[in-house]
Every structure is written in C-alpha cells, then in structure tokens.
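Next come the chains, spelled out residue by residue.
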Amino acid sequence: MPAVHPDHRTALAARVVRAAEAALPNQQYVSAIDILTGIGFLQPVHVQSWRRGRIEVLDSMIQANPNKVALALALFCEWALEKGLKPSETPYVRSGPAGVVNLQFSDAGNPAMDKIYRTHFVSPSLSPGEKEKLETKLAAPPQPVVFQVLRDSTCSACGVAIGRDGLLMMEAERPLCLECAGFGDDFEYLPAGDAALTRRASKYSSRTAVVVRFSRSRGRYERQGLLVEVDAMRRAEQECSPDAEARVKARANRGVSKIR
C-alpha cells in the first residue's frame with residue numbers, strides 16, 4: 001500500500017472511529033460495510049440493492065480509491081481489536097431463483113479483503129445466547145422484493161410480457177417474471193391493509209416477498225403488500241374469518257377516536 005501522509009491518515013482514522021462508534025451502540029456489532037457507509041465511501045441505497053441482487057458486485061459502487069478503502073478497513077480492524085470486540089465471520093447471502101446465493105464483494109475475489117467484509121466485530125458484552133441469535137440474524141438473507149411495474153416489461157429469462165401494474169423481480173438488473181423468479185402459481189398476492197391476515201399468512205408461509213411500487217410524487221418505493229404461499233393464505237383466511245367482523249369494528253372505532 002502506498003505511503004499516506006500522516007495528516008491524511010489521522011483524518012481518515014478519526015472518520016472511521018466516528019462511524020464505528022455510531023454503529024456499535026445501536027446494533028451491538030460493527031462491520032466493514034458500516035464503516036464504508038459511515039464515512040461516505042458507499043451509499044446505503046447501493047448496499048440495499050446489492051443485498052437484494054440488483055447489483056452483482058459491491059465494490060463497483062464504492063466511491064473512493066482502492067488504497068484509501070484498504071487503509072480505512074485496516075484502521076477499522078485496529079480499532080475493533082483495541083476495543084476488545086470479538087470477530088465473527090458471517091456469510092452474506094440472498095435468495096435467488098435457484099436458492100440461496102453468496103453475494104460478491106469484488107470481481108477480483110480477493111480472499112483477504114472478502115474476509116474483512118464478512119467479519120462482524122461483536123460487542124463482548126453479549127451473552128453466548130445473544131451472540132448466537134445475532135449471528136443467525138446476520139446470516140439470514142434479506143426478504144426478496146417484487147416490483148409492481150409502472151410500464152410494460154419483458155422477462156429476461158423466458159421472454160414473457162409483463163404489463164403495466166404486473167409483478168416482476170430484478171436479478172442483477174435483469175427483469176424476471178414471477179415464474180422464473182421462483183414465485184409462480186404456488187404464491188398469491190396479499191395486498192396491504194389487513195394486519196391480522198398479513199401477520200398470519202406470513203407466519204404460515206415458508207417464503208414471502210415484499211411487493212413495492214415506485215411513487216413518482218414521493219420519489220421512493222412504497223410497500224404494497226406481500227407474496228405468500230397459497231396454502232398459507234388459505235389457512236390465514238380460515239383463522240381470520242371468525243374475528244373478521246370484530247376487527248372491522250375495531251378499525252372503525254379507532255377511526256372515530258382519531259376524528260374526535
């Protein structure tokens with residue numbers, strides 16, 4: 001690594017420490033990604049897109065010289081070890097059409113750098129049970145996202161047309177119909193609005209995907225509902241049927257209370 005001016009190194013070290021100390025109390029661990037987003041080398045929206053499969057390689061989104069990135073991560077590791085944080089290597093995965101997919105940090109596949117990315121430095125105050133629970137959570141893939149499209153599209157795998165307001169998934173910026181994405185006829189769209197039905201269907205469905213739609217007026221994606229397994233939907237509907245009327249009345253009463 002080329003020599004870095006002491007003043008630049010000190011300034012970067014201060015930024016790294018601020019980012020690490022901001023992340024640690026909230027989540028009881030700090031990762032390389034927390035540092036890079038905290039010092040502005042990486043945008044959270046790009047991390048989210050990478051976690052969901054829309055971006056194939058994370059380091060293509062990093063906005064800094066590779067040597068500066070390497071130095072920042074080295075400074076982070078030094079800080080974490082000095083603080084007595086415990087390193088815990090955790091895989092980064094996502095759900096793909098063919099199953100669980102390991103996420104790529106770089107095209108080059110540098111084993112040493114990839115290990116730094118995978119390592120979470122965990123607070124030593126956590127009990128063994130809390131640490132195990134945290135590691136399980138970190139290793140779980142994020143919930144898949146399905147997009148309700150604003151204009152016509154075409155599945156990149158099978159060529160089927162996907163009309164406006166239809167549903168598709170994005171795989172490394174390539175649109176996939178629900179069948180090709182692994183959410184075919186065994187799944188049903190559950191619009192948002194009935195919290196009890198959503199909660200119960202989510203509980204019984206072994207796989208779910210959140211459905212979002214882009215709001216031009218607000219400039220962001222907004223949640224529309226869920227894809228859940230058909231059998232889970234039917235079971236949830238059966239459970240919700242006896243208390244459906246009571247829940248409708250409760251919602252109406254809450255609305256009256258707000259008006260008053």
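Report follows, based on the coordinates. These figures come from a predicted structure and were not determined experimentally.

Following the criterion strictly, the structure yields eight aromatic pairs and no others. On the numbers, 5.7 Å between centres and 40° between planes, the contact of Trp 50 with Tyr 92 is tilted. Here Trp 50 is found in helix α3 (residues 44-51), whereas its partner Tyr 92 is found in the loop between β2 (86-89) and β3 (93-96), with 42 residues between them in sequence. Across the pair, exposure class does not vary: Trp 50 and Tyr 92 are buried alike. Ring-pair connections join several aromatic residues into one group, and the members of that group are Trp 50, Tyr 92, Phe 105 and Tyr 117. Seen from the ring of Tyr 204, Arg 235 lies directly overhead, with NZ or CZ sitting 3.8 Å from the centre.

Here we come to the pattern of salt bridges. All told, the structure shown has 11 salt bridges when counted by the stated rule. Put simply, Glu 78 and Arg 9 hold a salt bridge, and the shortest N to O gap is 3.9 Å. Pair noted here: Glu 78 is in helix α4 (residues 66-82) and Arg 9 is in helix α1 (residues 6-27), with a separation of 69 residues, a long-range link. Put simply, Glu 188, Arg 234 and Glu 237 are held in one network by salt bridges that share partners.

The subject of this paragraph is the pairing of strand β13 (residues 220-229). In terms of strand pairing, strand β11 (residues 187-191) meets β13 through five bridges, oriented antiparallel. Following the sheet pairing, Phe 187 is matched in β13 by Glu 229. Relative to β13, strand β12 (residues 209-215) runs antiparallel, the two sharing seven bridges. Within β13, the position partnered with Val 210 by the bridge is Leu 226.

This part is about the sheet that holds β11. The pairing of strands in a sheet comes from backbone hydrogen bonds and takes either a parallel or an antiparallel form. Spatially, six strands are ordered β10-β9-β6-β12-β13-β11 in an open sheet, and the strand pairing comes out mixed. Strand pairing shows two members of the sheet lacking a second neighbour, β10 (174-177) and β11, which therefore form its edges. Neighbour-to-neighbour, the strand axes of this sheet turn through a mean angle of 40°, independent of strand direction.

A word on helix α8 (residues 230-240). Along an α-helix, residues three or four positions apart point the same way, because every turn accommodates 3.6 residues. Every buried residue of α8 is accounted for by Ala 232, Met 233, Ala 236 and Cys 240. Looking down the long axis of α8, one finds its buried residues gathered within 100° of arc, a one-sided arrangement. Set apart from the buried face of α8 by more than 90 degrees, the exposed residues are Asp 231 and Gln 238.

Moving on, we come to empty space enclosed by the protein. The tally for this structure, following the rule as stated, stands at one cavity of 30 Å³ or more. Roughly 170 Å³ of volume is contained in the largest cavity. Lining the largest cavity are 20 residues, with Arg 52, Ser 95, Pro 144, Val 145 and Met 169 positioned closest to its centre. For the lining of the largest cavity, the secondary-structure elements that each account for two or more residues are β3, β6 (145-148) and β9 (167-171). Counted by class, the lining of the largest cavity contains 10 nonpolar, four polar and six charged residues.

Quick notes on the rules
Residues numbered from 1 in each chain as written. Predicted model: local features only at pLDDT ≥ 70, side-chain atom pairs only at ≥ 80, totals over all residues. Heavy atoms only, no water. Phe/Tyr/Trp six-rings, centres within 6.5 Å; stacked < 30°, edge-to-face > 60°. Helix = DSSP H or I, 4+ residues; strand = E, 2+ residues; numbered from the N terminus. Buried < 20%, exposed > 50% of the residue type's maximum accessible area, 1.4 Å probe, protein only. Lys NZ or Arg CZ within 6 Å of the ring centre and 35° of its normal. Salt bridge = Lys/Arg side-chain N within 4 Å of Asp/Glu carboxyl O. Pairing = 2+ DSSP bridges. Axes fitted to C-alpha atoms, helices over the stretch in contact; angles between N-to-C directions. Arc of directions from axis to C-beta. 1 Å grid on protein atoms, 1.4 Å probe; cavity = no way out; pocket = protein on both sides within 12 Å on 5 of 7 lines; lining within 4 Å. Points joined across faces, edges and corners; volume = space filled by probe spheres on them. Nonpolar A, V, L, I, M, F, W, Y, C, P; charged D, E, K, R; others polar.

None of this, on its own, says anything about what the molecule does.
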